[in-house]
Amino acid sequence: MLSRTILRSINQSRSLYSIRCYSTGSNIRFTKEHEWIRLDQDVGTVGITDHAQKELGDIVYVDLPKVGATFKKSSAVATVESTKAASDIYSPVSGIIVDVNKDLESAPELINEGPLDKGWIFKLKLTDKSEFDTLLSKADYDKIAENH
């Protein structure tokens, strides 16, 4: 019985470890405003960082953008409301919204539970891929987050 519990704990730790490692790949970048974007060809998936969700506290509402809307880099795209504050979510790059995480409409706490995976907010097709390269690496973002 004890060995099954230990094994389950190890497997859960491995899952958590793989999620954390996932965020350090070359296809993910960060902003100073605490958004992340994961690039898959010319589509970026965007959300807020673990640091941001911890600072905001319990997320209670997300105002999602409309599919088809066009945004410039650094434009306010969505709003996240928590028990502490409301915060605009900015587009890390210029693009056209191609998908939104509809699960957040009924379960905004997904952002707290998994900001780098199930808590993604929107996907956009990049109109200028070079903007992605100007964003922060994980190491550079971590330095900024440490100072907040």
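For the protein, an unreviewed UniProt entry supplies the name Glycine cleavage system H protein and the organism Tieghemostelium lacteum. The record held by UniProt for the protein lists under Subunit (unreviewed entry) the comment "The glycine cleavage system is composed of four proteins: P, T, L and H."

Participant: Can you lay out the environment of Lys-73 for me, pointing to particular residues and giving the numbers?
Facilitator: Along the chain, Lys-73 turns up in the loop between strand E5 (70-71) and strand E6 (76-82). Residues Lys-73 and Gly-95 lie 22 residues apart in sequence; the distance between their C-alpha atoms is 7.8 Å. Not counting the four nearest positions on each side in its chain, Lys-73 is found in contact with Ser-91, Pro-92, Val-93, Ser-94, Glu-131, Thr-134 and Leu-135. At 2.9 Å, the side chain of Lys-73 forms a polar contact with the side chain of Thr-134.

Participant: Hey, could you go over the sheet that holds strand E4 (residues 59-63) for me, with residue numbers and the actual values?
Facilitator: Spatial ordering of the open sheet is given by E4-E6-E7, a layout of 3 strands whose pairing is antiparallel. Each of the sheet's edge strands pairs with one partner strand only, and the pair in question is E4 and strand E7 (86-90). Averaged over all neighbouring strand pairs, the angle between strand axes comes to 25°, with direction disregarded. Strand direction decides the pairing type here: E4 and E6, joined by 4 bridges, are antiparallel. When the sheet's bridge partners are listed, Tyr-61 is paired in E6 with Glu-81.

What counts, and at which threshold
Residues numbered from 1 in each chain as written. Predicted model: local features only at pLDDT ≥ 70, side-chain atom pairs only at ≥ 80, totals over all residues. Heavy atoms only, no water. UniProt positions renumbered as here; feature names shortened; annotations may be inferred. Helix = DSSP H or I, 4+ residues; strand = E, 2+ residues; numbered from the N terminus. Contact = heavy atoms within 4.5 Å. Polar contact = N/O pair within 3.5 Å; in protein donor to acceptor, adjacent residues only side chain to side chain. Pairing = 2+ DSSP bridges. Axes fitted to C-alpha atoms, helices over the stretch in contact; angles between N-to-C directions.

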